[in-house]
Structure formats: C-alpha cells, structure tokens
Amino acid sequence: MHIVVCIKQVPDSAQIRVHPVTNTIMRQGVPTIINPYDLFALEEALRLRDKVGGEVTVLTMGPPMAEDALRKALGIGANRGVLLTDRFFAGSDTLATSFALAQAVRKIGETWGAPEVVFTGKQTIDGDTAQVGPGIARRLGLNQLTYVAAINAIDLEAGTIAVARRAEGGVQELSTKLPALITMLEGTNEIRRGTVPDVLRAARAKIEVWNAAAAGITEVGMCGLRGSPTVVKRVFAPTPRAAKAEQVEAKDRPYEAVAEDVMERIFAAQPAMEAELMRTAAGY
Amino acid sequence: MTTPPKPAPAAAGSRAGMKKELPERFKSYQHVWVFIEYEHGEVHPVGLELLGEGRKLADKLGVELAGVLVGAGREGLRQAAVEAWEHGADLVYVVDHPTLEHYRNDPYSQVLTELVNTYKPEVLLLGATVLGRDLAGSVATTVLTGLTADCTELAIDDDRCLAATRPTFGGSLLCTIFTLNTRPQMATIRPRVMAMPPRQPGRTGRLIEHKVALHEADIVTKVLRFVADRDSSKAQLAYADIVVAGGLGLRSPENLQHVRALASALGGDWGGSRPLVQKGWMPADRQIGQTGKTIRPKLYIAAGISGAIQHRVGVEGADLIIAINTDPHAPIFDFAHLGIVADAVELLPALTEAFRKRLSVNRLAG
Ligand SMILES: Cc1cc2nc3c(=O)[nH]c(=O)nc-3n(C[C@H](O)[C@H](O)[C@H](O)COP(=O)(O)OP(=O)(O)OC[C@H]3O[C@@H](n4cnc5c(N)ncnc54)[C@H](O)[C@@H]3O)c2cc1C
Ligand SMILES: Nc1ncnc2c1ncn2[C@@H]1O[C@H](COP(=O)(O)O)[C@@H](O)[C@H]1O
C-alpha cells in the first residue's frame, strides 16, 4: 500500500526566545525539529507498512531548508521525501496550507500510486490549530479520522479500516472506507530509531523538490497570502498583572501557623467557600 | 480550471496592511452563531460558555444570537434548546435526524455546512474540543472561510469584524487574527476560557427546525462502539471549583500524595505542570496549561510550580490563585494573588491538616 505522511519542520519551541523590547520571536540560531506530534503519525505509518507492505512517502511544505526534516524522516525509515517549496506558499494560513498539501498529495498519487492512507500529526507546535489534517481530508474527499489512538484493523482488499479514536467523553471505535486521512493522537506509539542502512541511505537520498507548477498547482491565488482568508493583525506579549502577589510571611514560623494564616486568607477572599466546603464535608 | 492569476509579489509585506473589503455576496451574512455540542443526551458546557460570549458579540453588532443543535431525539434536543435560551440564545436551529445520534464527521459537517449556506451567519463559534476541532476544519474548508483555532479572547472591532486573539508559539505571545473577505468568521474556543453566563430560568426564544435529507446508507463511516471514559476525572478537573496542582518543586512523584490529600480534603481535584507528565509522574489528562487543560476554579493552589507562560495561560481565569514556591522571584508570584515563599512538601500537609481540623470542628458545632 502507499501511505503519505505530512510532516512540518518547526522551530524547537523549548528554545524560542521573545525579544524583550520588540516582542518579536527571535528565530536566529533556534534549531529546527520535526513537529513532535508528526512523529506519532510517521511511526504509525511505518508500522502499517511493516505489517502490510508498501511504501511511505513523507511530504512537507516549507522553505528549502525543510529538506532536513525529510532527510531525518528517511533516516527513520520512510521511503521517499517530497518537499513542496515556492514563494507562492509564503504566508499560508491553514486553508491555503491544506490546499497546497492536498494538491501535492494528489500529484504524489499520480506519480507513485494513489495513497490508501494519508497521515498528519494531531497539531503543530507553532501553528497549533489541528485544522490542516481535516482541511486536506475535505479537499481530497478522504474519510476523516482524527485523534486516532490505534488502528484496529485494515483490509486492503475490502478497502476498509477500523480505528479507535479519542472522542468527547470516551473512545469511539469507527470503521470506514479507504482512502482515509488519519490524524494521530500523541503518546500512542514510540518513534523507532532508524537502522544504520536507513540512516546511510537518507544521507544520500534524492529529495523530490517541487514548486507550485511541479505539484500541478495552477491556481496560485489559492496559495500563500492571497489564498489565506485570515490575517494576523497584531502580535503582543501578555500583560503582567499590575500588583505582585500579596505575601504570607513564612520565615521563622512553624508550618502550622503559616497554614492557618493561608486558610484564613482564603476564606477572607472567598467568603462563601467555607460554607460550601462545610456542606461537602457534611456529605462525607 | 480557472486561469492562473498573475504571480503575487513574493510574500509582499505583512497581511496586516490589507483592506477589509467584503465581497457583495457576503454582505447579507448576519448574526452570531454558537454550535452547541449535544451528545449522549447532554449539552457540553462549552456551548453554554460560548453563548455567554456570543451574547456580548451579538449585542455589540446589534444582531441576534443563535444556537445550533444537531443530534437525534426530539425531547432531548428540545430540552437542550431551553438550556440555550436560558443561557442567552435568541433562537436555536435544531436538526434532528437518526443518523446524527453519534458524532461522525461526514454527516455533521454536511449539516452544519448546509445551515451556514442557508441562513448565513457572520460569526460561527465552536468549542475547541475534539468534536469542535474535527468539525470546524471540515466546515471552514468546505465553505472556504477563515478559522482561528483556540482563541482566548474575542471582540468586535470598528469595522464590525471579529477580532480573535489566541496564544501563539506555545503561549509565549498572543496574536489577534481577522478573517477579511469571507464569511462566516469562524473561531474555536477551549472549554473554561470563557466564563459560564448566569442561567436565566424561564427565558425563551425561537426554535427553527431544519429538515435534512440524510441517509444512513450513504454514510460510509460507522460507529462500532463507544466506550465512555470510566475515569470521569477528565471532565472534573476542568470544571472543579477547587484545584490543587504540583510541579517539579515537589522533587519526587511520592510527594504528589500531598497534593492529592489537600485536594481531597477540599473536595476538589488535582493536576500538575507538564514536566510531571513527561517524567511519568501523572497521566497526561491531569496536565494544566497551554497544551493541557484550561481551568477556571474558584481556588487554585500551585505548589512547586514556577509559573511559566504556558502554565499561566491555563490558570489565569481562576478567581483566587495561591502559589507556594521556595524562590521569591519565581514568575508565578507575578500572577498569583497570594504567595508563600516556603517548602511545599512541608506546607501542603500542614494546610491539609488545618482545613481538616476546621471542617471537622465546624461539623461538630453544626
Ligand atoms: C510548547 C510548550 C507547551 C507547554 N505547555 C505546558 C503546559 O500546558 N503546562 C505546563 O505546566 N507547562 C507547559 N510547558 C512547560 C513550561 O514551559 C514549563 O517548563 C513548566 O511549566 C515548568 O514546570 P514546573 O513549574 O513544574 O517546573 P520548574 O520550572 O522546574 O519549576 C519548579 C519550581 O519549583 C520551585 N521549588 C523547588 N523546590 C521547591 C519546594 N521544595 N517547594 C516549593 N517550590 C519549590 C522552584 O523554585 C521552581 O520555581 C510547555 C512548554 C512548551 C515549550
Ligand atoms: N507546512 C506543512 N507541511 C506538511 N505538513 C503540515 C504542514 N503544516 C501542517 N501540517 C500537517 O498538519 C498537521 C496539523 O497542523 P496544524 O493545523 O498546523 O496544527 C501537522 O501535524 C502536520 O502533519
């Protein structure tokens, strides 16, 4: 079977600093990583391939340096990497991103065979919308399975798949027809370490680099800034609370006394709370 | 295929300079809508919270506030409509069909898309729950409009546009986003970010029943089974009145027992900062913050938590924030109401004891 995994290269947010004066994000020197949520999608795709055979194509849209992310994925075991990169894509919001990625998936299908499953991560750590997956599904008419915790069964002959997904208030077990789009829930598997041959192959592998035209995108007005209905108007830092916390002196006092003090202040600030607690306590 | 338009200049400047010019066909889009999740016979509270916020937006715009209810079962939906009116809705659109009993992307997005295209709202709000996010992305892509996910603040600007503010880059910064030339303007908002509006018993409104032509046979996705969460703590933490949480300052997983003990003495729930999940000290559904739960309790006690921005955005809605930290310069003291520079491992048991004593004395007296 053919599986496509969409991965995004993101700045390692643990290392992002905000400029204290200009409030802009200081990206210089910040290392990039594969969006951590996408690794669960990649691992699940590789497991599926190991089970039923076939190929895994990883796809990313981003600047030329996003090639690194694809190479990393190849080193983990993916078969092929496609980089979608073009100045037309700059400034894409989720609608424009899902348009471009959907077109690229279509082209990947024409080139190497239509994918039975397309995977995305649950969300990105920079965009953080969880909307690109559903957007791709809708545009390609794929059956949408979000927040998937496990793939319970796949039957390529019958063209069906059964999954367990996180739903509101419980776990929903669904079956649907292929082709399907799966957004993988985090913590559901553990990304493998690439084998030595994979790592060596990845270093030399040829990455497919596509611009809009190569991906078969003629409607560039649907891409990038122009294809994005949303606009970022203002970026700003959260305002600090005017007053610092009122302090309860704890030094050189027994903990019992401090605790009494804290309790009294809680009840002073929340006069109804003591009575409420009493009611709950009486119910014990 | 349309002819390719002339190439745009490479990422010309910022989008902020672009004009908000609404095409003619969108000018008839009016009113504020809230999608109200109704499943297993219950209304998800986030829908009611959004009605509270939607009411303010609708009043500012001088339009009506509508709730959208999709599901199966006449009586249950009718009850849900009453709840919507009593929480501020002027009218409620109801779609009642057997295929809509359990949430599935396909029929739900068909229905919501049809409602949007028929009645044309200018603003459409959904909860940023797993259901809301699953549905919102499909609908926004189908009607080709803008969607801002996980908003923490909504407002109407001078041009009658929805200004949707959300944290960006893991919460270190906020950004305000507009949907310029398309309608509806869609946004998702996490549970507990907006305050629950007071219920106005007896307040009523209109009900518009919308008939849809759905056929189970056309829907390829089938629900095989639904296993409700046994551990109902998932819902409780977000909605608990009192929450006690621990951070790395507790030093060892065993010390989390002091957090749990205080929470139980207060009849509340407990949670923690993200590193505790990463270290395997507690399950992920107990994480509080930007990538965990947003909470809005009356009382929040944070023990050994530094107060990083990603944690802060998840607790700021609490009425009273108490911080226990050994470092007098910890950022948590910047937004806590009451701070105690002390060892949490020692102070927590003392607090538990103090509350236990007070409550039992009162009980004997009463
Ligand atoms: C994209 C992203 C998303 C994130 N999402 C979240 C999120 O949702 N929720 C979240 O919590 N974090 C989140 N984080 C992590 C966040 O940035 C912080 O790293 C984290 O909140 C710190 O946890 P902490 O306060 O427990 O640990 P630390 O920062 O290590 O703080 C421990 C504190 O305990 C104090 N202390 C030490 N000993 C004691 C003692 N004996 N008694 C009392 N105090 C003591 C110390 O002074 C210190 O202030 C996220 C980070 C990123 C990059
Ligand atoms: N530029 C991109 N290139 C490839 N995949 C992407 C891109 N942006 C988003 N995705 C995929 O869509 C998922 C959801 O992203 P988001 O909607 O930004 O939270 C991610 O986990 C990725 O799998």
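Please refer to the structure higher up on the page.
In this text the structure is predicted, and so the values were computed from the model without any measurement.

J.: Could you clarify how one ought to interpret empty space enclosed by the protein in this entry?
T.: Within this structure, the stated rule accounts for two cavities of 30 Å³ or more. Quantified by volume, the largest cavity comes out at close to 50 Å³. Taken together, T94, L95, S98, Q131 and G135 of chain A together with G137, A140, T141, T145 and L147 of chain B form the lining of the largest cavity. Broken down by secondary-structure element, the contributors of at least two residues to the lining of the largest cavity are α3 (94–112) of chain A together with α4 (130–143) of chain B. The calculated volume of the second largest cavity comes to roughly 40 Å³. Lining the second largest cavity, in full, are R165, A167 and E168 of chain A together with E39, Y103, V130 and L131 of chain B.

J.: Would you explain unusual backbone geometry in this entry?
T.: Note: most residues except glycine have negative phi, and most peptide bonds are trans. Here the amide bond leading from L178 of chain A into P179 of chain A is cis, since omega sits at 0°, within 30 degrees of zero. By the secondary structure assignment, P179 of chain A is in the loop between β11 (170–177) and β12 (180–184). A cis amide bond links R183 of chain B to the next residue, P184 of chain B, at an omega of -5°. Structurally, the position occupied by P184 of chain B is in the loop between β10 (173–179) and β11 (185–189). Phi is positive for A130 of chain A, which is not a glycine, with a value near 60°. When its relative accessible area of 12% is taken as the criterion, A130 of chain A is described as buried.

J.: Before we go on, may I ask you to explain the sheet that holds strand β8 (residues 153–156) of chain B in this structure?
T.: Taken in spatial order, the four strands make up an open sheet running β14(A)-β10(B)-β9(B)-β8(B), and their pairing is antiparallel. Strands at the two margins of the open sheet, each flanked by one partner only, are β14 (230–236) of chain A together with β8 of chain B. On average, adjacent strands in this sheet sit at an angle of 25° to one another, irrespective of strand direction. For strand β9 (residues 162–168) of chain B and β10 of chain B, the ladder comprises five bridges, and the chain directions are antiparallel. Note that in β10 of chain B the partner of T168 of chain B across the bridge is L173 of chain B. Helix α1 (residues 45–61) of chain B rests against β8 and β9 of chain B of the sheet, and its axis sits at about 15° to β8 of chain B.

J.: In this structure, what is going on with the nonpolar core? I would like to understand it.
T.: Considering soluble globular proteins, one finds that nonpolar side chains tend to be buried as a cluster. Residues I266 of chain A together with L266, L299, I322, I324, I340 and L347 of chain B are the most contacted members of the largest nonpolar core, which totals 41 residues. Elements with a contribution of two residues or more to this core: α6 (255–269) and α7 (271–282) of chain A together with β14 (242–246), α6 (256–265), β16 (299–303), β17 (320–325), β18 (338–341) and α9 (344–365) of chain B. With nine residues, α9 of chain B is the single largest residue contributor to this core. Setting aside residues no more than four positions away along its own chain, I322 of chain B makes contact with V262 and I266 of chain A together with L299, Y300, I301, A302, L338 and I340 of chain B.

J.: Looking at this structure, I do not really get the site of ligand 1. What am I missing?
T.: Looking at ligand 1, there are 28 residues lining it, with S273, Q287, T291, S306 and N325 of chain B nearest. Mapping the residues adjacent to ligand 1 onto the chains of the assembly identifies chains A and B. I288 of chain B has a polar backbone atom sitting 2.8 Å from a nitrogen atom of ligand 1. At 2.8 Å, a side-chain N or O of Q310 of chain B approaches an oxygen atom of ligand 1. Its free accessible area being 980 Å², ligand 1 has 81% of it covered by the protein chains. Listing elements by their share of the shell around ligand 1, those giving two or more residues are α7 (274–278), α8 (309–315) and β17 of chain B. For the shell around ligand 1, the per-class residue count stands at eight nonpolar, 16 polar and four charged.

Cut-offs used in this document
- Residues numbered from 1 in each chain as written.
- Chains lettered and ligands numbered in written order.
- Predicted model: local features only at pLDDT ≥ 70, side-chain atom pairs only at ≥ 80, totals over all residues.
- Heavy atoms only, no water.
- 1 Å grid on protein atoms, 1.4 Å probe; cavity = no way out; pocket = protein on both sides within 12 Å on 5 of 7 lines; lining within 4 Å.
- Points joined across faces, edges and corners; volume = space filled by probe spheres on them.
- Helix = DSSP H or I, 4+ residues; strand = E, 2+ residues; numbered from the N terminus.
- Buried < 20%, exposed > 50% of the residue type's maximum accessible area, 1.4 Å probe, protein only.
- Pairing = 2+ DSSP bridges.
- Axes fitted to C-alpha atoms, helices over the stretch in contact; angles between N-to-C directions.
- Contact = heavy atoms within 4.5 Å.
- Core = buried A, V, L, I, M, F, W, Y, C linked by side-chain atoms within 4.5 Å.
- Near = heavy atom within 4 Å.
- Polar contact = N/O pair within 3.5 Å; in protein donor to acceptor, adjacent residues only side chain to side chain.
- Areas by Shrake-Rupley, 256 points an atom, 1.4 Å probe, with all protein chains shown as cover.
- Nonpolar A, V, L, I, M, F, W, Y, C, P; charged D, E, K, R; others polar.

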